[in-house]
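Inside the fold
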Amino acid sequence: MDNSLIISLKFSENRLDTEKGFTMIMELEDILAQIVQEKNLGYLDGNEFCEDTVSFYFYGKNVQEMWKELLPWVIRMPFLPESYATMTINNIQHTISLE
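Anyway, here's the lowdown on the structure attached to this text. Please read all numbers here as calculations on a predicted model, not as lab measurements. (Residues numbered from 1 in each chain as written. Predicted model: local features only at pLDDT ≥ 70, side-chain atom pairs only at ≥ 80, totals over all residues. Heavy atoms only, no water.)

In this structure the tally under the stated criterion is two aromatic pairs. When the centroid spacing of 5.6 Å and the interplanar angle of 35 degrees are considered together, the rings of Phe 22 and Phe 49 count as tilted. With Phe 22 in helix 1 (residues 19-38) and Phe 49 in strand 2 (residues 43-50), the pair connects residues that are 27 residues apart, well separated along the chain. (Phe/Tyr/Trp six-rings, centres within 6.5 Å; stacked < 30°, edge-to-face > 60°. Helix = DSSP H or I, 4+ residues; strand = E, 2+ residues; numbered from the N terminus.)

We now examine the sheet that holds strand 2. As summarised here, the arrangement of the five strands in space is 2-3-1-4-5, forming an open sheet in which the pairing is antiparallel. Each of the sheet's edge strands pairs with one partner strand only, and the pair in question is strand 2 and strand 5 (92-97). On average, each strand axis in the sheet is inclined to that of its neighbour by 15 degrees, with strand direction left out of account. Sheet topology places strand 4 (residues 84-89) next to strand 5; six bridges connect them, and they run antiparallel. (Pairing = 2+ DSSP bridges. Axes fitted to C-alpha atoms, helices over the stretch in contact; angles between N-to-C directions.)

Bringing the pattern of salt bridges into the picture now. By the definition in use, this model includes three salt bridges. Among the ionic pairs, Lys 61 bridges to Asp 2, the shortest N-O distance being 3.6 Å. Separated by 59 residues along the polypeptide, Lys 61 in the loop between strand 3 (53-60) and helix 2 (63-74) and Asp 2 in the segment before strand 1 (3-10) bring together distant segments of the chain. Between Lys 10 and Asp 52 there is a salt bridge, with the nearest N and O atoms lying 2.7 Å from each other. Taken together, the residues Lys 10 in strand 1 and Asp 52 in the loop between strand 2 and strand 3 connect sequence positions 42 residues apart. When its relative accessible area of 24% is taken as the criterion, Lys 10 is described as partly exposed. (Salt bridge = Lys/Arg side-chain N within 4 Å of Asp/Glu carboxyl O. Buried < 20%, exposed > 50% of the residue type's maximum accessible area, 1.4 Å probe, protein only.)

This is the structure in structure tokens:
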């Protein structure tokens, strides 16, 4: 069974409603998916937009290694302190604040 990594980034109000904001998110998704694929860490299962938050859903055997590879790209985004990542490893959830 694959473990999961969900990255939830919160943005300022209306940031995701602009073409520039949407493009920024889609470019990040492409980069993250490429890293995961190239390093054979698992796969991106998609995203979810919800008002001022976007979440990316990743699955793989070693989500800790995946997080280590993705974090440098994630922290480049202008997200708010309420952002976080959730790893589920062997059915145990670990939440990581991005403050």
